[in-house]
Amino acid sequence: MQFNTKPGGALQGVLRVPGDKSISHRAIMLGALANGTTQVEGFLEGEDSLATLQAFRAMGVTIDDPQAGKLSVRGVGLHGLQAPATPLDVGNSGTSMRLMAGLLAAQTFDSELTGDSSLARRPMARVTEPLQQMGATIDTLAGGLPPLLIKGGATLRAIDYVLPVASAQIKSCLLLAGLYAEGTTRVTEPAPTRDHSERMLQAFCYPVGRSGATISVTGGAALKATALKVPADISSAAFFIVAASIAPGSDITLTDVGINPTRTGILHILELMGANIEIFNKREFGAEPVADLRVRHAPLRGIEIPLQYVPLAIDEFPSIFIAAAAATGRTLLTGAEELRVKESDRIAAMATGLQTLGVDASPRPDGIEIQGGKLGAGKIDSLGDHRIAMAFAVAGLVAQGRVEIADCANVTTSFPGFVELAQRAGMQINAVRT
Ligand code: S3P
């Protein structure tokens, strides 16, 4: 799949991007482990969250096919999962692999987690090592790479664990393992990361402790089924927020966007750059705050991105870099080495793509320096990374000519219908099969 864009569009209208990916994964996982039937609305029907859904079906959980984002999960209880007949293939989804590793480590049966060629390169020792400290038996390939071979029948012990990186996936993995462990599992974060697991566990009536930067769960309680409404994904909204900010004449409203404070780094960063973002109609979808966002074109200026926003905007940097390229002046990002181990090496992928468009972009080990200015035309390789593909589609709005982006099929992992929604909003983009 290739995207071709033409410059000059302006974005208009009221848009709703699909459901939050992080929350959709967790809705399936906790729904499956609960007692009773959980009703979910606004579920992301993207390949990543569908991979989680399929994996739980493969372990004997009855889950309806989602219908316009609605589905029900017939929970089997914490001890009701069945051995899957084949390895669990979670495709491109790091969240599925890391979170599921935590709960599979506590099952009575053996299991194997595999994924696609991108996931096969992503570090898993960050979850297998603390799980091993809890008593799990997990084999990986050399260097801690997938697949994960998880031995059943382990008795897990609670640990106190200080995360070596600010990662919600590691935190969530250990909290899920902690549901099965003897004692109280405590995870301390070096900086706040998305707290959807904590909020959702509580929505399922599972007690979660919080003291400063330490989150804790005690094994042995039960999850009670509930009804969940998934907010629109701020990480998907990000592409439209940046697009409307950089394209003259734009004025859009994005509805039902999740504004959990552990996810809103992009709003703070763009506001520092001079963006015009109005947050209104604030309300709650269960445990998660949402709002509507009105975004109008505004001239952006380069900034030094404050370190505290890095984990709170970790998935939004591809689009933030496009905002930086379209801004006046220099933008500097540091402290973001985690970007190198996402679906692609996002620092390298973005630096190369921006350079192709003639932008002065200098990668650093832990970030990038971007001199804003004109964006030229060119051919970009998304490296099969959904967010790199969508970021350059946004760049196409203000480029001097056509931007062609190769290897875009994975956009459906997080944002099914991206091209159609972008067209409806006023972007000149089409997708062609290659
Ligand atoms: C996620 C956590 C983040 C994020 C990913 C989703 C989650 O990963 O990049 O897209 O749902 O917990 P890390 O925990 O590796 O930072």
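Residues numbered from 1 in each chain as written. Predicted model: local features only at pLDDT ≥ 70, side-chain atom pairs only at ≥ 80, totals over all residues. Heavy atoms only, no water.

Trainee: So what about the overall build of the protein chain? Which residues, and what values?
Mentor: The number of helices and strands found in the protein chain is twelve helices and 23 strands. Taking 22 Å as the expected radius of gyration for a compact globule of 434 residues, we find that the protein chain reaches 21 Å, a close match to that expectation. For the protein chain, the spread of C-alpha atoms along the principal axes amounts to about 60 × 45 × 40 Å. A buried classification covers 59% of the 434 residues belonging to the protein chain. Long-range contacts, defined here as pairs at least 24 residues apart, represent 75% of the contacts in the protein chain between residues at least 6 apart. About 15,200 Å² of surface is accessible on the protein chain, with carbon and sulfur atoms providing 50% of the total. Placing the 37 positive and 41 negative side-chain charges of the protein chain at their respective mean positions leaves the two points 3 Å apart. (Helix = DSSP H or I, 4+ residues; strand = E, 2+ residues; numbered from the N terminus. Rg over C-alpha atoms; globule rule 2.2 N^0.38 Å. Buried < 20%, exposed > 50% of the residue type's maximum accessible area, 1.4 Å probe, protein only. Contact = heavy atoms within 4.5 Å. Areas by Shrake-Rupley, 256 points an atom, 1.4 Å probe, with all protein chains shown as cover. Lys, Arg positive; Asp, Glu negative; His and termini not counted. Charge placed at Lys NZ, Arg CZ, Asp CG, Glu CD.)

Trainee: An account of helix α2 (residues 47–57) is needed here, citing residue identities and associated values.
Mentor: Among the residues of α2, Asp48, Ser49, Ala51, Thr52, Leu53, Ala55 and Phe56 are the ones counted as buried. Where the residues of α2 are buried, they touch α1 (21–33), β4 (62–63), β5 (71–76), β6 (88–89) and α3 (94–104).

Trainee: Explain the pattern of salt bridges to me, using residue names and the numbers behind them.
Mentor: This structure, assessed with the given rule, holds 28 salt bridges. Here Asp160 makes a salt bridge to Arg186, at a shortest N to O gap of 3.2 Å. Pair noted here: Asp160 is in strand β10 (residues 160–162) and Arg186 is in strand β11 (residues 184–188), with a separation of 26 residues, a long-range link. The salt bridge involving Arg283 is made with Asp256; its shortest N-O contact spans 2.3 Å. Here Asp256 lies in strand β15 (residues 251–258) and Arg283 lies in strand β16 (residues 276–285), a separation of 27 residues in the sequence. Put simply, Arg122, Arg194, Asp315, Glu343, Arg346, Asp385 and Arg387 are held in one network by salt bridges that share partners. (Salt bridge = Lys/Arg side-chain N within 4 Å of Asp/Glu carboxyl O.)

Trainee: Account for the sheet that holds strand β7 (residues 111–114), naming residues and giving values.
Mentor: Strand order in the open sheet formed by four strands is β6-β7-β9-β8, with mixed pairing between adjacent strands. Lying at the two open borders of the sheet, with one neighbouring strand each, are β6 and β8 (138–141). In the sheet, β8 pairs with strand β9 (residues 145–150) via three bridges, with the strands oriented antiparallel. Within β9, the residue paired with Asp139 across the bridge is Leu149. (Pairing = 2+ DSSP bridges.)

Trainee: Talk me through the site of the ligand; I want residue IDs and the actual numbers.
Mentor: Inspection of the region around the ligand gives Ser22, Arg26, Thr95, Arg98, Ser167, Ala168, Gln169, Arg194, Ile314, Asp315 and Lys342 as its neighbouring residues. Ser22 is positioned such that a nitrogen or oxygen atom in its side chain is 2.7 Å from an oxygen atom of the ligand. In the environment of the ligand, an oxygen atom lies 2.6 Å from a nitrogen or oxygen atom belonging to the side chain of Ser167. Out of a free accessible area of 380 Å², the ligand has 95% covered by protein chains. Every element with two or more residues in the shell around the ligand is listed here: α1, α3 and α5 (168–178). (Near = heavy atom within 4 Å. Polar contact = N/O pair within 3.5 Å; in protein donor to acceptor, adjacent residues only side chain to side chain.)

Trainee: Can you lay out unusual backbone geometry for me, pointing to particular residues and giving the numbers?
Mentor: A cis geometry characterises the amide bond from Pro146 onward to Pro147, with omega recorded as 0 degrees. You can see Pro147 is positioned in strand β9. One non-glycine residue with positive phi stands out, namely Cys205, at about 65 degrees. Note on placement: Cys205 falls in the loop between α6 (196–203) and β12 (209–211). At Asp256, a position not held by glycine, the phi torsion is positive, near 60 degrees. For Asp256, a relative accessible area of 16% puts it in the buried group.

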